[in-house]
Amino acid sequence: MEDREAGLQDRLSDLPDYIIQEILCFLEINQAIQTSVLSKRWKNLWASVPDLNFNSKGFKEQTFPKFLRRVISKREDCNVRRLDVFTHLPIRLSSMEGLINYAVAHQVEDFRFVSDDVQPVYLPECGSLKAIFLSRCKFGDLRTSFGFGFANLTSLDLYVCWFCYSENDFGDPFASCQNLRRLCLRYCRFPSLKRLKITGFQLVSLEIQGFGYGDRGLQEGCEVEIFAPNLLSFVYKFSKPVDFCGLHFPSLDYVEVHVWQHGTDEATDHDKRRASLCLMSMFEGFGNAQSVKLYCETIQVLDLVDGLLEQQPSPFKRLKKVDVHCNRESFKVPAHVTNYLLAGTIGQELYLEKCKGY
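Residues numbered from 1 in each chain as written. Predicted model: local features only at pLDDT ≥ 70, side-chain atom pairs only at ≥ 80, totals over all residues. Heavy atoms only, no water.

## Digging into the side chain of Gln290
Heads up, the rule is: By definition, any uninterrupted DSSP run of H or I lasting at least four residues is a helix, any uninterrupted run of E lasting at least two residues is a strand, and each is numbered from the N terminus. Relative accessible area decides the class of each residue, using a 1.4 Å probe on protein chains only: under 20% of the type maximum gives buried, over 50% gives exposed, and in between gives partly exposed. Between two residues, a contact is recorded if the distance between any of their heavy atoms is within 4.5 Å.
Here Gln290 is to be found in the loop between helix 6 (269-283) and strand 17 (291-295). Accessibility expressed as a relative area gives 16% for Gln290, which makes it buried. Residue contacts for Gln290: discarding those within four places in its chain leaves Leu252, Asp253, Arg318, Leu319, Lys320 and Lys321.

Below, the structure is given as structure tokens:
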């Protein structure tokens, strides 16, 4: 056994430093630091690892920020390719600012922050960032309508993030991300806005989950506008109908919509009519889509008000495929709903797929 371990150590020692550093990238930074005891050669290899992976597991609230500061003070003056922070502890904004400013100054390209609780996060402008994933973050005191300043960002994932505008009721938080190609918003909150705009000139994929009025993140009556002339795929799931006052998707190819209206039996006629009209207005922005995926709950919202759907022309002009996913054996798509979906096309059929769950 000792001979085999010695042989393994020799084989590792034969590798060039940059390969060993790539191997260390798979470890959390505290584990990478522990390899410094293996030999003199390994003593400072961790200090030039391009990926920094911080995890608060095993730390206390007082010791984790100190560890963050110690790592960046001991690290060599080289670029940061990726910065990951996973924490179950609250972190002071000043500690996060120091870490993020260090990464920005060292040309960070990929930043991931995942927290168990919503925490304030400060994000300075950064020209090197290409990908961001943020979970449970709060962007406070946004005094301008524009939120992010990442000119070269191509991918942005936000989960349970709060956008708090202090002096505006209009927000266009992603307009400055001129090269953004992929945007995913899951259960994000824009509580003070009367109008939300999503501008993405280079956007090709947009996914929105957990959206709606009230407890879904928008104040009642908030209008949503999306301008994405190069968008190919739009997914709107686990959400409620909202007032999409304008959808500019001339290049759209694929659409997936899963919405529902809770408490349908108790809802007033006004609420039902509003939900149906919001969804139909949304569909008007999908006119160029060729492939559409719907769910039985979406069909039900379309058909909440008797006679309303029959008055509407089909929004689809280039449709080639419609799939309806349903988890109930008895569900059937009403004939007038089928006509609404397919009347604008010739020779197309609606396919109903029965499935146990989503």
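Having seen it, we continue.
## So, the sheet that holds strand 15 (residues 243-248)
Convention followed: The pairing criterion is simple: DSSP has to find at least two bridges between the two strands.
Strand order in this open sheet of four strands is 7-9-13-15, and the pairing throughout is parallel. Of all the strands in the sheet, just strand 7 (170-171) and strand 15 have a single pairing partner and so form its edges. As paired strands, strand 7 and strand 9 (residues 195-199) are joined by two bridges and run parallel to one another. Its bridge partner being in strand 9, Gly171 is matched across the sheet by Leu196.

## Some remarks on the nonpolar core
Where we set the bar: Definition of nonpolar core: a set of buried residues of the types Ala, Val, Leu, Ile, Met, Phe, Trp, Tyr and Cys, connected through side-chain atoms within 4.5 Å.
Counting residues in hydrophobic clusters, the biggest one holds 107 residues, and the most contacted among them are Phe54, Ile226, Phe234 and Phe286. Per-element tally for this core: the top contributor is helix 5 (residues 93-105), with six residues. With residues up to four places along the chain from it excluded, the contact list for Phe54 reads Ile29, Phe64, Phe67, Leu68, Val71, Leu83, Asp84, Val85, Phe86 and Leu99.

Just distances and angles here, no functional claims.
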